Amino acid sequence: LWRHMPPITETAAWKDLAAAAAAMTGRHLRDQFAADPKRAEVLSLDLGDLYIDYSRERIDAPIMQQLIALARAADVQGFAGRMMSGGVVNGSERRAALHTALRGSGPSALNVDGVDIRGEITRADARLRIVGERMRAGQLMGSGGKAIDTILVLGIGGSEYGPAFVIDALSVGGKGPVVRFVGNIDGVTLDRALAGIDPESALAVVISKSFETPETQLNLAALKALHPAMPMLAVTANVLAARHAGIPDGDIYPIWDWVGGRYSLWSAVGLPIVLALGWPAFAELRDGAAEIDRHFLNQPLDQNAPVILGLIGVWNTNFMNAAARALIPYDSRL
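Residues numbered from 1 in each chain as written. Predicted model: local features only at pLDDT ≥ 70, side-chain atom pairs only at ≥ 80, totals over all residues. Heavy atoms only, no water.

**Digging into the sheet that holds strand 7 (residues 202-207)**
Across a sheet, strands are paired by hydrogen bonds formed along the backbone, either parallel or antiparallel in direction. Sheet architecture is open: five strands sit in the order 6-5-7-8-9, paired in parallel fashion. Of all the strands in the sheet, just strand 6 (178-182) and strand 9 (252-254) have a single pairing partner and so form its edges. Averaged over all neighbouring strand pairs, the angle between strand axes comes to 20 degrees, with direction disregarded. Both strand 5 (residues 150-154) and strand 6 contribute to a ladder of five bridges, which runs parallel. In the strand pairing of strand 6, Leu152 is matched with Arg180. Strand contacts of helix 9 (residues 187-194): strand 5 and strand 6, with the helix running at about 170 degrees to strand 6, the strand carrying the most contacts. Against the sheet, helix 10 (residues 214-226) touches strand 5, strand 6, strand 7 and strand 8 (232-236), its axis set at about 140 degrees to strand 5. (Pairing = 2+ DSSP bridges. Helix = DSSP H or I, 4+ residues; strand = E, 2+ residues; numbered from the N terminus. Axes fitted to C-alpha atoms, helices over the stretch in contact; angles between N-to-C directions. Contact = heavy atoms within 4.5 Å.)

Okay, here's the thing in C-alpha cells:
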C-alpha cells in the first residue's frame, strides 16, 4: 500500500505546513510563552520515567495538529503495524525490519519466509544468556588458561557503534571486563586496543553480518597473525565464512537478514553488552525498548512520543530549514 501512496510533499497536509512555516518566521519564542503561559503543559508528554518537553521548539498547538495530520497522511500507524508484523518496510532492499521482534514486541507468532523467527530468537537468546553467565562466573578461559578479563570487539558501523554506546552508557563502578573496539582499518586502532592487555586472558568477538567486510577482515587477519591462539566468537549471517576463519560452530552466533545494521544491537550483535554487563542488564535494556515499542504502536498520534519527536524533526528540517542539530546532554553517557 505505502508504495502506491502519493509523495508526501504533494499532500494537503504538507502544503498547509509550508504556509504555517512562513507565518512562524520571525516569531520569537519568548513572545509565544507570553501569549500562552500554559504552553509548557500543552507541548509536553509525561510518560512516568520519561518526560518530554518540546515547548521550546518553534511550533504552537495548531502547528502540532497540522503535523499530526501529516502523520495521518503518511499512514504512520499503518506503517508501524506492518513493520511489527513482518511486512516489507525496507523498500530499497525489499525486506522486513524486525528489530522490534528481538525486543519481544509485535505479534506472538511471526513468520518470515516460512520460518518461525520467534523460535530462532528464543534459541539465540538462550545461547547469549549461557555465555553471559559463564563470563560472569569466570568460566570463559583465554589461551593461557586464565579467566577472560578483556574483550576485543572487531566490527565496524552498526557492529561497533551500538554495543560501544550501550557499554559506555551503562557501565558503572568499573565492574566487568575491559572492552575495546576495533573498527577503523588504520592499524593504530588495533595497536591501541592491544596496548597494556594480557593476550592470554583476552577474547575476540568478531561481528560482521556478511563476514566479508574489508575493514573487519583486515583487522581479524592482523589479530590472528599477532595472537593466533586467542579464542574468538563470531556474530554473523555467514556461518560458512566464520567456519573458514577457524571459528567453531558452537562459537558462532546468528544474525538474520531482517535485522538492519543500525538496529542490530538488539540481536547477537549485543554479545559484547552481554559479556560486559551480564544478561540481566541486556534483558532489561530490551524490556525498556519494548515498552517504547508498545507505546509507539498503541498510543494516539498526538500522545505518541516517537511520532511527535519525529514530526518535530521533519518540521525543523523541511519547513524551518534547520541545517544542523545540537545535542546538549547533562550527562555525557546520554
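That shown, we press on.
**A closer look at the environment of Arg325**
Within the element layout of this structure, Arg325 appears in the segment after helix 14 (305-319). In this structure, the C-alpha to C-alpha distance between Arg325 and Tyr263, residues 62 residues apart in sequence, is 22 Å.

**Topic: helix 8 (residues 158-170)**
Taking 1.5 Å as the rise per residue, helix 8 with 13 residues should run 18 Å; its terminal C-alpha atoms sit 18 Å apart, in good agreement. Three or more residues of helix 8 are buried, namely Ser159, Glu160, Gly162, Pro163, Val166, Ile167 and Ala169. (Expected span 1.5 Å × (residues − 1). Buried < 20%, exposed > 50% of the residue type's maximum accessible area, 1.4 Å probe, protein only.)

**Observations concerning the pattern of salt bridges**
This model, assessed by the stated rule, comprises ten salt bridges. Here Arg95 makes a salt bridge to Asp257, at a shortest N to O gap of 2.8 Å. In this pair, Arg95 sits in the loop between helix 5 (76-84) and helix 6 (99-102) while Asp257 sits in the loop between strand 9 and helix 12 (271-277), placing the two residues 162 residues apart along the sequence. The buried category is assigned to Arg95, whose relative accessible area is 18%. Given the relative accessible area of 48%, Asp257 is considered partly exposed. With a shortest N-O distance of 2.6 Å, Asp249 and Arg243 are connected by a salt bridge. (Salt bridge = Lys/Arg side-chain N within 4 Å of Asp/Glu carboxyl O.)

Just distances and angles here, no functional claims.
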